[in-house]
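Here is what each chain is made of, one letter per residue.
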Amino acid sequence: MKLIQKFLAVMMVLFAAAAFAQSEGEVQYTTLNPPQPTSTGNKIEVLEFFFYGCIHCYNLHPALSAWEKTMPRDVQLDFVPVAFNAQWEQMVYTFYALSAMGKRKQLDDALYEAWHNRVALYSLDQIADFVAQNGVNRKEFVDNYNSFSVQSSAKQTKQMLRTYQIEGTPTLIVDGKYVISGLEPEDAIRVLDQLIKKARKEHGRRR
C-alpha cells in the first residue's frame, strides 16, 4: 500500500513538472526576421501597430493605456497607425496631424469610441468636424492634415508595414525583433513585460 502511495505521489510530481514545463515553454511571441533597428536610443522600444476601427485594438487599448502609465523608465512606447485599405488611410493622416498638434492623447479614447459606435469618419470634413467637437481647432487640424510632414509620415508608415511584416492589428514589436499578436489583452501585457525583461537582459542592463 505504501509503495502504491509513493508511486502515485511521484507520478503527481512528474505530471505537475511536465505541465509547468509545457506552460513555461509555450511560445506566445514570434521573432522578426530580420530584426529592425530601433530609434529610441538607450531605451527599449515598444511599437504598437493599430487601427482605431479594429475591435481587438479597441479591447487592448484600456490595458495598454494603463500599462503605459506605469511602464519601466527604460522603455519607450510609440504607436503606428495602420491602413490596410484606402478607406482607412484618413485615420493615418488624422493620427499624425493630431500628434503634430500635441492633441493625439486627448482624442485617442474618443476616436476609438467613435469608430466602434459607427460614427462616420470617412472624409476630411467629417473628421475635422469631429475633432472640432472634441476641442481641437478645426483649421489648424486641417492644415496639419494636409501638411507635407504628415503626408511624409503616412508614406513612411506604409513602408513600415512591409518592413515589420504587419499582417494584422494590434501587433506589438519589442526591441525591433519580438512580435506579439493574436493574444487577449491580459496575455499581451504579460508577454510584453516578459519580453522587456528579456530585451533588458540582452542589453546587459538592470532596471
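Worth saying up front: this structure is predicted, and the values here are computed from it rather than measured.

What helix H6 (residues 138–145) keeps buried is the set Phe 141, Val 142, Asn 144 and Tyr 145. Buried residues of H6, viewed axially, fall in a sector of 165 degrees; they line one side. Of the surrounding secondary structure, the elements contacted by the buried residues of H6 are helix H3 (89–101), helix H5 (124–133) and helix H7 (148–163). At the N-terminal boundary of H6, the capping side chain belongs to Asn 137, with an oxygen 3.2 Å from the backbone nitrogen of Lys 139.

Below, the discussion takes up the pattern of salt bridges. One pass over the structure, following the stated rule, counts 10 salt bridges. A salt bridge links Arg 104 to Asp 108; the shortest N-O distance between them is 2.6 Å. Here Arg 104 and its partner Asp 108 are both found in helix H4 (residues 104–116), 4 residues apart, which amounts to about one turn of the helix. Residue classification places Arg 104 among the buried positions, given a relative accessible area of 13%. Between Lys 177 and Glu 202 there is a salt bridge, with its nearest N and O atoms 3.0 Å apart. Of this pair, Lys 177 sits in the loop between strand E4 (171–174) and strand E5 (178–181) while Glu 202 sits in helix H8 (residues 185–202), and the two are 25 residues apart along the sequence. Several salt bridges share partner residues, and in doing so they unite Asp 125, Asp 129 and Arg 138 into one network.

This next bit is on the layout of surface pockets. If you add up the space inside the largest pocket, you get close to 280 Å³. Looking at the largest pocket, it is lined by 19 residues, and the ones nearest its centre are Thr 169, Pro 170, Ser 181, Gly 182 and Leu 183. Partitioned by chemical class, the residues of the lining of the largest pocket number 9 nonpolar, 8 polar and 2 charged.

With that out of the way, let us pick up unusual backbone geometry. The linkage connecting Asn 33 with the following residue, Pro 34, adopts the cis geometry, with an omega of 5 degrees. Relative to the helices and strands, Pro 34 is located in the loop between strand E1 (30–31) and strand E2 (44–50). Following Thr 169, the chain continues to Pro 170 via a peptide bond in cis, the omega torsion being -5 degrees. Mapping Pro 170 onto the fold places it in the loop between H7 and E4. At Arg 118, a position not held by glycine, the phi torsion is positive, near 60 degrees. Tracing the chain through its elements places Arg 118 in the loop between H4 and H5. The class of Arg 118 is exposed, set by a relative accessible area of 79%.

Quick look at the environment of Tyr 29 now. Take Tyr 29: it is sitting in the loop between helix H1 (2–25) and E1. Residue class for Tyr 29 comes out partly exposed when judged on its relative accessible area of 27%. Taking the C-alpha atoms as reference points, Tyr 29 and Ile 173, separated by 144 residues in sequence, lie 9.7 Å from one another.

As a further point, take the side chain of Arg 200. Assignment of secondary structure puts Arg 200 in helix H8. Polar contacts involving the side chain of Arg 200 include one to the side chain of Asp 74, which spans 2.7 Å.

What counts as what
- Residues numbered from 1 in each chain as written.
- Predicted model: local features only at pLDDT ≥ 70, side-chain atom pairs only at ≥ 80, totals over all residues.
- Heavy atoms only, no water.
- Buried < 20%, exposed > 50% of the residue type's maximum accessible area, 1.4 Å probe, protein only.
- Helix = DSSP H or I, 4+ residues; strand = E, 2+ residues; numbered from the N terminus.
- Arc of directions from axis to C-beta.
- Contact = heavy atoms within 4.5 Å.
- Polar contact = N/O pair within 3.5 Å; in protein donor to acceptor, adjacent residues only side chain to side chain.
- Salt bridge = Lys/Arg side-chain N within 4 Å of Asp/Glu carboxyl O.
- 1 Å grid on protein atoms, 1.4 Å probe; cavity = no way out; pocket = protein on both sides within 12 Å on 5 of 7 lines; lining within 4 Å.
- Points joined across faces, edges and corners; volume = space filled by probe spheres on them.
- Nonpolar A, V, L, I, M, F, W, Y, C, P; charged D, E, K, R; others polar.

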